[in-house]
Structures are given as structure tokens and as C-alpha cells.
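The lines below spell out each chain.
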Amino acid sequence: MTVMVKYISCLLFVMFGALYNVNAQDYLISTPNTSLLLTAKPGEAARIHYYGTRIEENRIQQIFDSNLAFHSESYPAFGIYSYNDKAMQVTHGDGNMSLDLAVESVKQYTVAEAEITEILLKDKVYPFFVKQCYKAYKNSDVIGTWVEVTNQEKKPVTMYKFASAFIPVRRGDNWLTHFHGTWGAENMLQEERLTDGQKIIKNEDGVRNTTNENPSFMLTLDGKPQEETGHVFGASLAWSGNYTLKLDVDNNRIIKIYAGINEDASYYTLDPKKTFVTPEFAMTYSTTGKGGVSRNFHRWARMYKLSHADSDRDILLNSWEGVYFKVDQEVMAQMMKDMSQLGGELFVMDDGWFGTRDSDFGGLGDWTVNESKLPGGLGALVPRIRDLGMSFGIWIEPEMVNEDSDLFRAHPDWALGAPGRPRARGRGQLVLDFSRQEVR
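> What's the story with the overall build of the chain in this structure? I'm lost.
Along the backbone of the chain there are seven helices and 25 strands. On the principal axes, the C-alpha backbone points of the chain span a range of 80 × 55 × 40 Å. Counting over 440 residues, the chain shows a buried share of 48%. A separation threshold of at least 6 residues defines the contact pool for the chain, and within that pool the share at least 24 residues apart is 64%. Surface exposure of the chain reaches about 21700 Å², of which carbon and sulfur atoms provide 51%.

> Please explain unusual backbone geometry as it appears in this structure.
Glycine aside, residues mostly have negative phi angles, and peptide bonds mostly take the trans form. Of note in this structure, lysine 273 is not a glycine but carries a positive phi near 70°. Note on placement: lysine 273 falls in the loop between strand 18 (268-270) and strand 19 (275-277). Although it is not a glycine, histidine 308 sits at a positive phi angle of roughly 50°. Within the secondary structure, histidine 308 is located in the loop between helix 3 (289-305) and strand 21 (316-318). According to the relative accessible area criterion, histidine 308 is exposed, its value standing at 61%.

> Looking at this model, I keep getting lost on the pairing of strand 16 (residues 243-249). Mind explaining?
Two faces, one strand: in a regular strand the side chains alternate between the faces of the sheet. Among the seven residues of strand 16, seven are classified as buried, and the element is accordingly described as predominantly covered. Across the two faces of strand 16 the burial is the same, with Tyr243, Leu245, Leu247 and Val249 and Thr244, Lys246 and Asp248 all buried. Sheet topology note: the strand 16/strand 17 (residues 254-261) ladder contains seven bridges and is antiparallel. Following the sheet pairing, lysine 246 is matched in strand 17 by tyrosine 258. Between the end of strand 16 and the start of strand 17, which pair antiparallel, lie four residues, with arginine 253 showing a positive phi angle near 55°.

> Explain the packing of aromatic side chains here, please?
If you walk through the whole model with that rule in mind, you get 17 aromatic pairs. The interplanar angle of 70° and the centroid separation of 5.7 Å between the aromatic rings of phenylalanine 297 and tryptophan 300 together place this pair among those described as edge-to-face. With phenylalanine 297 and tryptophan 300 both in helix 3, this residue pair falls three residues apart, about one helical turn. Grouping residues by exposure puts phenylalanine 297 and tryptophan 300 together as buried. Aromatic side chains phenylalanine 354 and tryptophan 395 sit 6.3 Å apart centroid to centroid with 20° between the ring planes, which places their arrangement in the stacked category. Of this pair, phenylalanine 354 sits in the loop between strand 22 (346-349) and helix 6 (377-387) while tryptophan 395 is found in the loop between strand 23 (391-394) and strand 24 (400-401), placing the two residues 41 residues apart along the sequence.

> Can you help me understand the packing of helix 5 (residues 329-341) against helix 6 in this one?
The angle between the axes and the distance between the axes are what describe a pair of packed helices. Contact geometry for helix 5 and helix 6: axes closest at 10 Å, N-to-C directions at 15°. With respect to their mutual orientation, helix 5 and helix 6 come out roughly parallel. Crossing of helix 5 over helix 6 shows right-handed handedness. The residues of helix 6 that touch helix 5, namely those facing Gln329, Met332, Ala333 and Met336, are Leu381, Arg384 and Ile385.

> I tried to follow the sheet that holds strand 21 on my own but got confused; where do I start?
Strand pairs in the sheet, formed through backbone hydrogen bonds, run parallel or antiparallel to each other. In space, the three strands of this open sheet follow the order 21-22-23, with parallel pairing throughout. Edge positions in the sheet fall to strand 21 and strand 23, since each of these pairs with one other strand and no more. Strand after strand, the sheet turns through a mean of 20° between neighbouring axes, direction not considered. Across three bridges, the pairing between strand 21 and strand 22 is parallel. What sits directly across from asparagine 318, in strand 22, is valine 348. Where helix 6 meets the sheet, its contacts fall on strand 22 and strand 23, and the angle it forms with strand 23 comes to roughly 140°.

> Teacher, can you tell me more about the pattern of salt bridges here?
Side chains that carry opposite charge are capable of pairing whenever their charged atoms lie near each other. Taken as a whole, this structure holds 24 salt bridges when the rule is applied. The shortest N-O distance in the salt bridge between arginine 409 and aspartate 406 comes to 3.0 Å. Here the residue arginine 409 and the residue aspartate 406 both occupy positions in helix 7 (residues 406-410), the gap between them amounting to three residues, near one helical turn. Looking at arginine 409, the relative accessible area reads 51%, which means it is exposed.

> Would you mind going over the confidence of the model for the chain with me for this structure?
Residues shown with low pLDDT carry predicted positions that ought not to be read at fine detail. Of the residues in the chain, 93% reach a pLDDT of 70 or more, and the chain-wide mean stands at 91. Note that pLDDT drops below 50 for residues 13-22; the model gives that stretch 45 contacts with residues more than four away or on any other chain.

> I tried to follow the side chain of aspartate 248 on my own but got confused; where do I start?
By the element assignment, aspartate 248 lies in strand 16. Although aspartate 248 is buried, it makes no salt bridge; lysine 256 carries the closest opposite charge, 4.9 Å away. Side-chain polar atoms of aspartate 248 contact the side chain of glutamine 198, separated by 3.5 Å. Setting aside chain neighbours within four positions, we find aspartate 248 in contact with Asp85, Gly197, Gln198, Ile254, Ile255, Lys256 and Tyr258.

What counts, and where the lines are drawn
Residues numbered from 1 in each chain as written. Predicted model: local features only at pLDDT ≥ 70, side-chain atom pairs only at ≥ 80, totals over all residues. Heavy atoms only, no water. Helix = DSSP H or I, 4+ residues; strand = E, 2+ residues; numbered from the N terminus. Buried < 20%, exposed > 50% of the residue type's maximum accessible area, 1.4 Å probe, protein only. Contact = heavy atoms within 4.5 Å. Areas by Shrake-Rupley, 256 points an atom, 1.4 Å probe, with all protein chains shown as cover. Pairing = 2+ DSSP bridges. Phe/Tyr/Trp six-rings, centres within 6.5 Å; stacked < 30°, edge-to-face > 60°. Axes fitted to C-alpha atoms, helices over the stretch in contact; angles between N-to-C directions. Parallel < 35°, antiparallel > 145°, perpendicular 65-115°, else oblique. Left-handed = near helix turned anticlockwise from the far one by under 90°. Salt bridge = Lys/Arg side-chain N within 4 Å of Asp/Glu carboxyl O. pLDDT = per-residue confidence, 0-100. Lys, Arg positive; Asp, Glu negative; His and termini not counted. Polar contact = N/O pair within 3.5 Å; in protein donor to acceptor, adjacent residues only side chain to side chain.

Here is the structure:
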């Protein structure tokens, strides 16, 4: 009995109990220490049964026999059953707003860094396909998931919701850990008990998408978060734009997690024969508290996501906080010399070196060295840095422009703006329209 209680306590979620038997439609997706169990029977909805500590195939029946009777589709869509929130909502070209997704096929294969499982779902009426992808990373207890949506209909389909992932989690004494902040106080830890209702972590700031909130969280299953003890689900959305992480808590003792691109004012028209791919949602499970989640993600990021992650970073000095816009040859020379004497390896010249750039309100877009500040330009500056044994870095912001710039005066139409409306400015600057080839 003690063993079974301990076993059940480590389950993140289990659904539909003893009505299932182990069969060819069961798919076990495992990392070294975690497992995700799904059922994908052709002609029926794909379902999730378990995510938690690693299990082997000979224990799948125990999951079903545990009879913790929760039930969920792996990717719920708006249409036939329209209560509760949904991972996807579309309108077909003929105006029909329903989706009824069923398993078409399943494919499993191995790539260098992971085991991949692809569950192809198709609407029962329309030639509209959603491929659920699960990527179990090797040597890392992280599973990534996303969807690839293909429209084989004759007309465009409008997508109003298109989550990367839907994950159900067992309700208990759940605490949410996430990060928020503002300029100068980013990533402040926030921990709170999760109560009935919805908790939404979202961002609509575009380029400032991790300043006020962060597209990641941790969720405990057994009480207040601890650093080295406790069962914790951790997740992060690998997306640099606006996002939504929604935790929907209802009276059925289940927490439904939806994660993906923030769909507010962002519906997507998917043309015939085209495919839309959502960003990856990465998740992990720890039996050693928040620290286990952190270590899992750090290992995963170093192995698979960060450029040159195994290389030591240079010790650097950035000129910004020292001089702000007051860049000149004498000050740069002194900063470089001082940094080299301290053992510095990289000097980065920040804002203020180009055009007529003396404040936030001018010069952006004119990426030409201001030789009144730096006589001889970069050709005179960089060799001096290298003579001191350091590397050189330089700051640019190529996607932005000031109205007080030669670039804007020559091409005012290159800046984003709504026709007939005043342009929206942030810090005295505008955003260039990088959807245009001539701008790029």
C-alpha cells in the first residue's frame, strides 16, 4: 500500500482510469527521468493519460488501473463541444466555426538530439490538419511540443486560437511560481496559491516581451514551493513575441494549461496549401522541487538552445552606463585601457557612436560613424582595442528609426504606421517595416 500511495502521489495527471487496456494505440514518450503517455487511436480524439516520473511499458496498465478518472483530449478544439476554453478555434471558408479533430496517423522517429512523436489529427469533415509534435530530448528531462497546422481546403481558414500546447494537471495544493518586473527590476519572483478561476500570464508589448512578465512558470503539486523537495511541473514557451500562458482551474479537480502566441488582435489567415507552425512549448517534471526544474532547463538550454553554450563567456565592459551617449575617442581609449588592466577580454561600444546621436530622439537609422566623436572611425579605434588584447563589439538597433534622421527623411514610408493615423512612438523612435524587401 505504501508503495502504491507513493507511486500515485508522483502522478502529474491520469485520466479515464480502468476503461483502457494497453494496446498499440498507446504511445509512451520518455526522457531519462520523465514519461508522457498518450493514446492515439485512428478515427478518435488523441488523449493524454499521464505525465510524471519515468515509467516503462510494463507499467502502462497500472496507469489505467489507477482509475483516477479524468479525461481530456490532447488538443481540444472549439466546435462540437464548446464549453471551457480551447486550444484552437477557426472559421472555415464557408463560415463554419466548428472543428472535430480525430487521429489520422502516428509517426515516431529519431533525430540526433531527440525522439520525435507526431500525431496527425484531421477534421472529420474538412481537409484541415493539425499535427501534434512531441520532442523528447536526449540526456535532458525536457519534452518540447508544438503543432503544425495545414489547410488543404479550397478557401482560406481564419485561425482565432492556435495554442502550442494544452496540458492538464492534477488539482491539489497547487502553488504557482512565475516572474515579473519592470525596467531595472526584471524577473522578480512571485509565488501564490492557485485558486479557482483563471490565472493568465501574458504579454502584449512586442519587443519588450520579458520585461514585465516572463513566458515561463513552475507549478507545484503538493504544497508551497520548496527548492529541493516536492513535485513540480515546469514550463517555458520558446517564443520572442507576444504570448499567453493560461491556467484554468475548475471544480473537476483539474488544471488546464494553454500556452502559445497571444491571439489578441492576432488572428491568422491560413491560405490553401499552406502550413502554420506554432512556437515550441518546453516542459519538465521534477521530484526534487524548484531546483530540479531549474537544473533540467539549464541542462536543456546549454545542450540544445544556446549558441556556444559550452564556451566560457568573455569578461566584458559595455560603454553605456559609463558615458551613455557621450562617446568620444578620448573616453573610449581610457575605458579600454582600464578594462584591459582589470583582465577584460571584450570591449563593447554602445549607443552614441553614429550619425547625430546625442539623445533618444535623433540619429537612429544613420549607421555611419560620427567622426567628430571618433576621428578616423572604427579603423582607428579597433586596432587599439586589439593591441590591448581584447575583442571588440558594437551596438546597433537596425529595426528602429528616429524621425530626426537622414534615413527617415529619405524614406518616411519605411516606418510602420496606420494610414491616416499619427505614428506610435516609443522612446522617441519608430519601428521599420521589415516585411518589405527594400527595408531589409
